[in-house]
Amino acid sequence: YTILVTKPAVRQRVICRNTFFNKMQTLHLSLDLIDDSERFRKDLGDIQTLAESIYTQGIIHPPLVRKVGEKYKLIAGGRRTAAYRLLAEQFPAEHHTFAFNLREGIDAADASLLELEENVRRQAMDWRETTTAIAKIHSQYQKNANRAGESWGLRHTGDLFGYGTAHVSYAIRLAKCIHDGDKEIIACENPRQATGVLLARKQKQVNLETDRRRKAA
């Protein structure tokens, strides 16, 4: 499948339902309060150059966070936050707190969707990271729907990204393979090749079952 940006109309309808468009405020926070774990994107690229830019020119668009308990969960701005951490290490006397934009009213599913869209727009993630993100978003929206007594299926997630249900289904299966450390899947260059591996495995199982039944007859 091809990586697409989420459909604006559908994304807006889903996130509006969860009061996404609440007022945003800028806070200056200690990095000890920022939880930037479990990010989809792993390769952050050249952080040193970005840190130097922030040091000399300041930050134009602070990273986006949401309040979770006593801490702030990062929604968007993984590279900027990593640059913040680098500045805190290199210039501890100058940098104690950093600017973050706080957005209220965002749940985990909406936050994941925003992170994914930001990185897809910038073509920042490889297919493994994007596939994992799609599976996680599907799971989180399912949990939200179950709590609300509603339903959320493959079609709903497909509508978010412009995919058919088969594409979402394979994304979920591929994400599990990646999570389980399936070396053959992880080594694939793109999701189409990885899906081909899954199909070949399925056909092999069918052939083995057919042979078993033929021998048993």
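Rules used throughout
Here the residue numbers are simple positions, counted from 1 along each chain's written sequence. Residue-level local features of this predicted model are given only where pLDDT is at least 70; pairs of side-chain atoms are given and counted only at 80 or more, and the full residue set underlies all totals for whole chains, interfaces and linings. Note: side-chain values were computed over all heavy atoms of the structure, leaving out hydrogens and water. To qualify as a helix, a DSSP run of H or I must reach at least 4 residues; to qualify as a strand, a run of E must reach at least 2; elements of each kind are numbered from the N terminus. Relative accessibility decides the category of a residue: with a 1.4 Å probe and only protein chains considered, values under 20% of the type maximum give buried, values over 50% give exposed, and everything between is partly exposed. Any two residues whose heavy atoms approach within 4.5 Å at even a single point are treated as in contact. For the accessible areas, the method is Shrake-Rupley and the probe is 1.4 Å, while residue cover comes only from the protein chains on display. Grouping buried Ala, Val, Leu, Ile, Met, Phe, Trp, Tyr and Cys residues that are joined through side-chain atoms within 4.5 Å yields what is termed a nonpolar core. Confidence scores here are pLDDT values: one per residue, from the predictor, ranging 0 to 100. As a rule, the C-alpha atoms of each element are fitted with a line to give its axis, helices using only the stretch in contact, and angles between N-to-C directions run from 0 to 180 degrees. Note that the term roughly parallel is reserved for angles under 35 degrees, roughly antiparallel for angles over 145, roughly perpendicular for angles of 65 to 115, and oblique for everything else. Each helix crossing is assigned a hand: it is left-handed if the near helix lies turned anticlockwise from the far helix by less than a right angle, otherwise right-handed if that turn is clockwise. Asp, Glu, Lys and Arg are counted as charged, while Ala, Val, Leu, Ile, Met, Phe, Trp, Tyr, Cys and Pro are counted as nonpolar; the rest, among them Gly, fall into the polar class. Between any two strands, at least two bridges found by DSSP are needed for them to pair. Residues adjacent in sequence count toward polar contacts only when both atoms are side-chain atoms; beyond that, a polar contact is any pair of N or O atoms within 3.5 Å, and within protein one must be able to donate a hydrogen and the other to accept it.

When its secondary structure is counted, the protein chain shows nine helices and five strands. For the protein chain, the sequential pattern of α-helices and β-strands runs α-β-β-α-β-β-α-β-α-α-α-α-α-α. Buried residues in the protein chain amount to 43% of all 217 residues. Long-range pairs, those at least 24 residues apart, make up 75% of the contacts in the protein chain between residues at least 6 apart in sequence. Working note: accessible area of the protein chain is about 12,500 Å², and carbon and sulfur atoms make up 52% of it.

To continue, consider the nonpolar core. With 20 residues, the main nonpolar core has Ile34, Val65, Tyr72, Tyr84 and Phe100 as its most contacted residues. Of all elements in the fold, only strand E1 (24-29), helix H2 (47-57), strand E4 (71-76), helix H3 (78-90) and strand E5 (98-103) reach the threshold of two or more residues within this core. Considering every element that reaches this core, the biggest residue donor is H3, with five residues. Excluding anything up to four places from it in sequence, Tyr84 contacts Leu31, Ile54, Ile59, Pro62, Pro63, Phe98, Ala99 and Phe100. In this structure, Ala109, Ile134, Phe161 and Tyr163 belong to the second largest nonpolar core, which totals 12 residues.

Now for the confidence of the model for the protein chain. Predicted coordinates in areas of low pLDDT are best not read in detail. Looking at the protein chain as a whole, its pLDDT mean stands at 81, while 82% of the residues score no less than 70. The least confident element of the protein chain is helix H1 (residues 8-17), whose mean pLDDT is 44; the most confident is helix H8 (residues 183-186), at 95. With pLDDT under 50 throughout, residues 1-21 is counted as low confidence; its partners more than four residues away or in other chains account for 57 contacts.

Okay, the packing of helix H5 (residues 127-147) against helix H7 (residues 165-179) next. Axis separation between H5 and H7 bottoms out at 8 Å; the angle between their running directions is 110 degrees. Judged on the interaxial angle alone, H7 and H5 are roughly perpendicular. Read as a crossing pair, H5 and H7 show a hand that is left-handed. Across the interface between the two elements, Trp127, Arg128, Thr131, Thr132, Ile134, Ala135 and His138 from H5 touch Val168, Ala171, Ile172, Leu174, Ala175 and Ile178 from H7. For the contact of H5 with H7, the per-class residue count stands at nine nonpolar, three polar and one charged.

Before going further, it helps to spend a moment on the pairing of E4. With five of its six residues buried, E4 lies for the most part within the structure. Where strand E2 (residues 34-35) and E4 come together, two bridges link them in parallel fashion. When the bridges of E4 are listed, Ile34 appears paired with Tyr72. Bridge count between strand E3 (residues 64-68) and E4: five bridges; the pairing is antiparallel. Bridge pairing in E4 places Arg66 opposite Lys73.

Right, let's get into the side chain of Thr157. When you line up the elements, Thr157 lands in helix H6 (residues 154-161). Side chain to side chain, Thr157 and His138 meet in a polar contact 2.6 Å long. Excluding anything up to four places from it in sequence, Thr157 contacts Ile134, His138, Trp152 and Val168.

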